[in-house]
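# A structural walkthrough
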Amino acid sequence: MDEHRVHKVVLAYERGWLAFSLAMLFVFIALIAYTLVTHTAGVIPAGALERVDPAKVRVEGPFAQPGVIQTGPNQYTAYVQAFTFGYLPNPIEVPKGAEITFKITSPDVIHGFQVEGTNINVEVLPGEVSTVKYTFKKAGEYRIICNQYCGIGHQNMFGKIVVKE
Ligand SMILES: [Cu+2]
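Residues numbered from 1 in each chain as written. Predicted model: local features only at pLDDT ≥ 70, side-chain atom pairs only at ≥ 80, totals over all residues. Heavy atoms only, no water.

- Where an unreviewed UniProt entry is consulted, the chain appears under the name cytochrome-c oxidase, with the organism given as Thermus filiformis.

Below, the structure written as structure tokens:
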């Protein structure tokens, strides 16, 4: 093949690649959209801005007494502090099969709140409340991992969730 012909063939194949990769991308977007309409979308942080004063979260407001409170027949809200270098309460005790709303904030720097074995994976910013929802279907212990570098104790920053039968 001469150079001119090669050029034409390459361009034609490239159009095919572009069409196929775009089609795949749209399929991905459709699949992602599907997850948004199921209950699994609860792990998406609430969009509404909720401000708190990181200097005061340890002394006043719901985060000063971190814990789990019942808010409905099968609903609970867990107020959680993520701090250098741990989580409060520890452990976080919740019942199996109930919708848990986690409200998490930090009195110091950014932390991660990744619950091993689940899709809970949210950033915790000082000054803001991160709100995510999750329903644990299996009882047992779940480890919380800080997956945002937060200082010298980062690699030892863990917490625990105990899901009771
Ligand atoms: Cu941390």
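## Quick look at the side chain of His154
- Relative to the elements of secondary structure, His154 occurs in the loop between β9 (140-145) and β10 (158-164).
- Apart from residues no more than four positions distant in its own chain, His154 is found in contact with Phe85, Cys146, Asn147, Gln148 and Tyr149. (Helix = DSSP H or I, 4+ residues; strand = E, 2+ residues; numbered from the N terminus. Contact = heavy atoms within 4.5 Å.)

## Here we look at the UniProt feature "transmembrane region" (unreviewed entry) in the chain
- With numbering aligned to this structure, UniProt lists the feature "transmembrane region" (unreviewed entry) at residues 17-37.
- For residues 17-37, the helix share is 95%, the strand share is 0%, and the end-to-end C-alpha distance is 31 Å. (UniProt positions renumbered as here; feature names shortened; annotations may be inferred.)

## Regarding unusual backbone geometry
- Of note, the bond from Thr84 into Phe85 is cis; its omega dihedral lies within 30 degrees of zero at 10°.
- Within the fold, Phe85 resides in the loop between β2 (75-83) and β3 (86-88).
- In this structure, the amide linkage connecting Leu88 to the following residue, Pro89, adopts the cis form with an omega of -5°.
- Mapped onto the secondary structure, Pro89 falls in the loop between β3 and β4 (92-95).

## What to know about the layout of surface pockets
- Estimated volume of the largest pocket: approximately 200 Å³.
- The wall of the largest pocket is formed by His39, Thr40, Gly42, Val43, Glu99, Asn119, Lys133, Tyr134, Thr135 and Lys137.
- Of the residues assigned to the lining of the largest pocket, the class counts are 2 nonpolar, 5 polar and 3 charged. (1 Å grid on protein atoms, 1.4 Å probe; cavity = no way out; pocket = protein on both sides within 12 Å on 5 of 7 lines; lining within 4 Å. Points joined across faces, edges and corners; volume = space filled by probe spheres on them. Nonpolar A, V, L, I, M, F, W, Y, C, P; charged D, E, K, R; others polar.)

## Points about the pattern of salt bridges
- Scanning the entire structure with this criterion turns up 6 salt bridges.
- One salt bridge connects Glu141 with Lys160, and the closest N-O pair in it is separated by 3.6 Å. With Glu141 in strand β9 and Lys160 in strand β10, this residue pair connects regions lying 19 residues apart in the sequence.
- Judged by its relative accessible area of 57%, Glu141 falls in the exposed class. (Salt bridge = Lys/Arg side-chain N within 4 Å of Asp/Glu carboxyl O. Buried < 20%, exposed > 50% of the residue type's maximum accessible area, 1.4 Å probe, protein only.)

## What about the pairing of strand β6 (residues 111-115)?
- In terms of burial, β6 is largely enclosed, as 4 of its 5 residues are buried.
- In this sheet, strand β7 (residues 121-124) lies alongside β6 in antiparallel orientation, the contact comprising 4 bridges. Bridge pairing in β7 places Phe113 opposite Val122.
- The antiparallel hairpin formed by β6 and β7 contains 5 residues in its connecting segment, where Gly117 sits at a positive phi of about 90°. (Pairing = 2+ DSSP bridges.)

## Points about the coordination of the copper ion
- Ligation of the copper ion by protein atoms is provided by His111 (ND1), Cys146 (SG), Cys150 (SG) and Met157 (SD), these donors lying 2.1 to 2.3 Å from the ion.
- The coordination sphere of the copper ion comprises 4 donor atoms, whose angles at the metal cover 95 to 121°; the geometry is tetrahedral.
- In the primary structure, the donors to the copper ion are separated according to the pattern H-x34-C-x3-C-x6-M. A residue pair is termed long-range when its members are at least 10 positions apart, and His111 in strand β6 and Cys146 in the loop between β9 and β10 qualify at 35 residues. Taken individually, His111 and Cys146 each receive the classification buried, so the pair is uniform in this respect. (Donors = N, O, S within 2.8 Å, 3.2 Å for Na, K, Ca; no water. Tetrahedral: all angles 85-135°; square planar, octahedral: opposite > 155°, others 65-115°.)

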